Amino acid sequence: MSEAKAHGLALDMGVFRQYADAKSPFARLYDSRQGLGAYYRYGPRQIALQKDHQGNDILPIIHGSVITRMVRGTDDYTSVPLPGKFWVLAPDGELLPGEYDGNIPALDATKRSPASIPSPLADPKKIAAEKATLIETIKQLPRSADRQKSVELVLDTIFWRHVLYVLTLALTLYLAAFRWIGGTFTTVAGHVLKRIPYVNEVWENLSRAGNATTGGVIRQGADVAGGPIPWFNPWIEQFQKHPVEAFLVAASIVVCLRVSSALQLRIHDLARAGWNEEFRKAYASSRKDAKHAVIARAAIWIFVPFIGGFLAAWRAAPPWIVSALFGASGIAAVFALFFLPRILEDAEKKVMAFEATRAQLVARFLRTFPPFRYGYPAITKGVVPALFAITVVAVSALLINRVAYVGVSSTNHFCKSSGSNAKVVEGSAEAADFSANQICWPTKLKLEQGKTYRITLTSNGDWFDRSFRTDVIGFHNSRSLIHELYAPFKRWPDLNWFTPIIRVGEWGGQEYPLVAGQQEPNSYNQCVAEIEYEKTAFYFDAPLTDESAKRLQACPPTASTGLFVSRDITPEQTGELFVYVNDAALMLPFLADFFTANNRGTATIKVERLDQNVASSSSPASSPAGR
């Protein structure tokens, strides 16, 4: 590039300087944690010093090129985990002390000098010259005591970056599970803050302002993502219900990643300051400039919303806007007061003397506190890997179960045809023997391709999922913990439990859910204290006895909206009509109907042949894979 520039080629000088600063004869540096690599397990390795049987410190051996690159390199290379004391491997294989100003340590029982043999092809004079240069380089290193202080500061900063890493993972998992737990944070915060009068008012106004500003962004993003990614719709619905919380969680993840990147740079600078005196002076000066920039940013965050609040009040803006602006200014002021001690301290002096900041002192106390020091590794190296392994097994089982169900359901394994007993529906016909504990019940009614039919399911009001009272509308996963846990194993995961499903054809059948519009499930209280179940081989597959079902069914009676459901369909193939209710299906031998067996309830299926001009209300899900 320099030669091209000298011959008159016009170059972007900003980019030219970047490449000039990054050039190094020691090869390029790479950051394996850039971008999504920040989610990789974070934990820089530390070299713990031990002693031999004679009481000598067992010091690590550092190759001479590492020391040369840290002191003389132009790429700001440094090694974070190096301790203050070490041996240096010279080009001729001799072990040199890492410091010449103090007492030279004795070799421990695990080492010998020379520790290696140079290449017989190497020039002895060149080796001697490189060794002399290396010795002069080692003498330029700061004292081992200062290097050890630098190591402690680096470990303190690494602690906070590890905290941010765990927080980033937690927020990401929260966002991934937003479909099921979205709104939890705002609900808890609302319950806590409502006890504080003024703070509660500010919180409500900030929430209103957030809903007004983020709601549109969330809706536009939902429109873009919902079309090409249908399975993402449940998350989009939750994002639209709780736009402020979704925005705050996503923004917090971005902030954590940015702060984590800044801490990584701080860790690098602190480590390099312990190995390079000139860099330490330059870094100390830069900390003073950084403090001025922080003060300027704090002033902007405090005074801009504050002035905006006055202007909004002067222009008679809605009170919630005025309160939200003043609240934002107050929150910024609280954060500024929290960091005020850090702003007032002499950063330049602390860097030159290797003194810890208040945050680093807190980190040092926490990381050396015995319960945390020994408990945290047990959690991160024992509990967390175990939970991860359990999660992998659970997700794998879910995927295998889903793939197996899709394949088996496409055959006639569940839906057995009535054969010649199935009759084509010409006008209208009924099948009155449906039971909710059937995994796929044949109606003996055959529908023809291209014909339009109205399917009406009428319940007798006696539907139970074991002891849980329900009806044709079904119920949400939140009904109980067991339903939450087994929701992914439902035959139609996105529909309510007990939603009636009709199917046309035994092989590759087309399925249609009988959904009662957007109606919320009916709520039934369990008013009977003692419930009896039929005796079966397993406890969980035992349905209610007739007597218990009658008593539960009487208090209260089934809601009229939960007694019947209807839908018009136009089958795309000719086949027998089958019916089942949406329940979990475990694809294990003899256990496919394990959850269905404890169901209870009956219904009548009525099929009416409609005029040919009546259009189909909706298209079917051609196979379980389409769900």
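Since the structure is predicted, the reported quantities are computational estimates derived from the model, not experimental observations.

Scoring rules and cut-offs
Residues numbered from 1 in each chain as written. Predicted model: local features only at pLDDT ≥ 70, side-chain atom pairs only at ≥ 80, totals over all residues. Heavy atoms only, no water. Axes fitted to C-alpha atoms, helices over the stretch in contact; angles between N-to-C directions. Helix = DSSP H or I, 4+ residues; strand = E, 2+ residues; numbered from the N terminus. Parallel < 35°, antiparallel > 145°, perpendicular 65-115°, else oblique. Left-handed = near helix turned anticlockwise from the far one by under 90°. Contact = heavy atoms within 4.5 Å. Salt bridge = Lys/Arg side-chain N within 4 Å of Asp/Glu carboxyl O. Buried < 20%, exposed > 50% of the residue type's maximum accessible area, 1.4 Å probe, protein only. Pairing = 2+ DSSP bridges. Phe/Tyr/Trp six-rings, centres within 6.5 Å; stacked < 30°, edge-to-face > 60°. Lys NZ or Arg CZ within 6 Å of the ring centre and 35° of its normal. Core = buried A, V, L, I, M, F, W, Y, C linked by side-chain atoms within 4.5 Å.

Draft legend 1. Structural view of the packing of helix α3 (residues 64–72) against helix α4 (residues 124–139). For the pair α3 and α4, interaxial distance at closest approach is 10 Å and the crossing angle is 55 degrees. By the angle between their axes, α3 is oblique relative to α4. In this structure, the crossing between α3 and α4 has a hand that is left-handed. Residues Gly-64, Ile-67, Thr-68, Val-71 and Arg-72 of α3 form the contact with α4, whose own contacting residues are Thr-133, Leu-134, Glu-136, Thr-137 and Ile-138.

Draft legend 2. The pattern of salt bridges, seen in detail. Taken as a whole and judged by the stated rule, the model has 13 salt bridges. Between Asp-92 and Lys-131 there is a salt bridge, and its shortest N-O distance comes to 3.0 Å. Remark: Lys-131 occurs in helix α4 and Asp-92 occurs in the loop between β4 (87–89) and β5 (95–97); sequence separation between them is 39 residues. With relative accessibility at 16%, the residue Lys-131 sits in the buried group.

Draft legend 3. Examining the pairing of strand β15 (residues 575–581) more closely. For β15, the tally of buried residues reaches seven of seven residues, placing the bulk of the element in the interior. Pairing of strand β8 (residues 441–447) with β15, which is carried by four bridges, proceeds in the antiparallel orientation. The residue of β15 that forms the bridge with Trp-441 is Val-579. Two elements, strand β12 (residues 500–504) and β15, share five bridges in a ladder whose sense is antiparallel. Along β15, the bridge assignment pairs Val-504 with Leu-577.

Draft legend 4. Region of interest: the pairing of strand β9 (residues 453–459). Counted residue by residue, β9 has five buried out of seven residues, so it is predominantly covered. Across seven bridges, the pairing between β9 and strand β17 (residues 602–609) is antiparallel. Considered in β17, the bridge of Ser-459 is made with Ala-603. Direction of pairing for β9 relative to strand β14 (residues 564–569): antiparallel, over a ladder of six bridges. Within β14, the residue paired with Ile-455 across the bridge is Arg-567.

Draft legend 5. Expanded view of unusual backbone geometry. A cis amide bond links Ser-113 to the next residue, Pro-114, at an omega of 5 degrees. If you trace the backbone, Pro-114 turns up in the loop between β5 and α4. Despite not being glycine, Ala-316 shows a phi value in the positive range, around 60 degrees. Its location among the elements puts Ala-316 in the loop between α11 (277–314) and α12 (319–338). Its relative accessible area of 66% is what places Ala-316 among the exposed residues. Its identity as a non-glycine residue notwithstanding, Lys-444 has a phi of 65 degrees, on the positive side. Residue position: Lys-444 is located in strand β8.

Draft legend 6. Examining the packing of helix α10 (residues 243–273) against α11 more closely. Packing of α10 against α11 leaves a shortest axis separation of 8 Å and a crossing angle of 140 degrees. Relative to α11, the element α10 is oriented oblique. By crossing handedness, the relation of α10 to α11 is classed as left-handed. In contact with Arg-266, Asp-269, Leu-270, Arg-272 and Ala-273 of α10, α11 contributes Phe-279, Arg-280, Tyr-283 and Arg-287.

Draft legend 7. Broad picture of the sheet that holds strand β13 (residues 510–513). Spatially, five strands are ordered β6-β8-β15-β12-β13 in an open sheet, and the strand pairing comes out mixed. Either end of the sheet is taken by a strand with one partner, and the two such strands are β6 (423–424) and β13.

Draft legend 8. Structural context of the packing of aromatic side chains. All told, the structure shown has 19 aromatic pairs when counted by the stated rule. An aromatic cluster is built from Phe-434, Trp-441, Trp-463, Phe-475, Trp-497 and Phe-498, whose rings are joined through pairwise contacts. When the ring centre of Tyr-533 is taken as origin, the NZ or CZ atom of Arg-466, which lies over that ring, is 4.0 Å away. Seen from the ring of Tyr-524, Arg-469 lies directly overhead, with NZ or CZ sitting 4.7 Å from the centre.

Draft legend 9. Summary view of the nonpolar core. The biggest cluster of nonpolar side chains holds 32 residues, and the ones touching the most others in it are Leu-447, Ile-455, Leu-457, Ile-605 and Val-607. Every element with two or more residues in this core is listed here: β7 (428–435), β8, β9, β12, β14, β15 and β17. In this structure, Val-151, Ile-158, Leu-270 and Phe-279 belong to the second largest nonpolar core, which totals 17 residues.

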